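Working through the structure, step by step
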Amino acid sequence: MVCPVRQRMSRVLRLYAGWVPVSARSWMSAPVTVWSNMISGLIIFNDDSYEPTGWKTTLDMLAFVAGPLMYGLFTRKTLNILGNISGVCHVGSFLYRLHRCAGYARGAQNSHHGC
């Protein structure tokens, strides 16, 4: 006998697992579309001889995707180093802000009017 809660959760998880990649693709493709249309619009406004066609906008979209992809493929070691530096900076920034908030809290306790 199958538990009804488990069966319902299975349906929910399958629905979630199906829509998460779809929404991720939509969120990642939307900026590329906006950027390529902005580039096309700027060219149209600034060059009277430009004839807009769909393939030119598509080519811009491919360039916006291929550029970072090639950079990521050929500079993996550099990206790892930059990621580590970024992690250290984030942890250091968090500790600094925690220290500052603790100092503000101590100051607020000593004053009679609060923040």
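Residues numbered from 1 in each chain as written. Predicted model: local features only at pLDDT ≥ 70, side-chain atom pairs only at ≥ 80, totals over all residues. Heavy atoms only, no water.

**A word on the overall build of the protein chain**
Scanning the protein chain from terminus to terminus reveals 3 helices and 0 strands. Secondary structure elements in the protein chain, listed N-terminal to C-terminal, are α-α-α. In the protein chain, buried positions account for 5% of the 115 residues. Surface summary for the protein chain: the accessible area is close to 10300 Å², and the carbon and sulfur share equals 69%. (Helix = DSSP H or I, 4+ residues; strand = E, 2+ residues; numbered from the N terminus. Buried < 20%, exposed > 50% of the residue type's maximum accessible area, 1.4 Å probe, protein only. Areas by Shrake-Rupley, 256 points an atom, 1.4 Å probe, with all protein chains shown as cover.)

**Quick look at the side chain of S40**
Topologically, S40 is positioned in helix 1 (residues 4-46). On the basis of relative accessible area, S40 is assigned to the buried category, the value being 6%. Here T57 takes part through its side chain, which lies 3.3 Å from a polar atom of the side chain of S40. (Polar contact = N/O pair within 3.5 Å; in protein donor to acceptor, adjacent residues only side chain to side chain.)

**Quick look at a nonpolar patch on the surface**
Taken together, the side chains of Y71, L79, I81, L82 and I85 present a nonpolar region at the surface, about 480 Å² in accessible area. No other element matches the 4 residues that helix 3 (residues 76-110) contributes to the nonpolar patch. Locating Y71 in the fold gives a position in helix 2 (residues 54-74). The exposure class assigned to Y71 is partly exposed, which follows from its relative accessible area of 46%. (Patch = residues over 30% accessible without salt bridge, like charges linked within 9 Å, V, L, I, M, F, W, Y side chains within 5 Å. Salt bridge = Lys/Arg side-chain N within 4 Å of Asp/Glu carboxyl O.)

**Here we look at the confidence of the model for the protein chain**
Looking at the protein chain, pLDDT values average 82 and 89% of them are 70 or higher. The weakest mean pLDDT in the protein chain belongs to helix 1 at 81; the strongest belongs to helix 2 at 88. (pLDDT = per-residue confidence, 0-100.)

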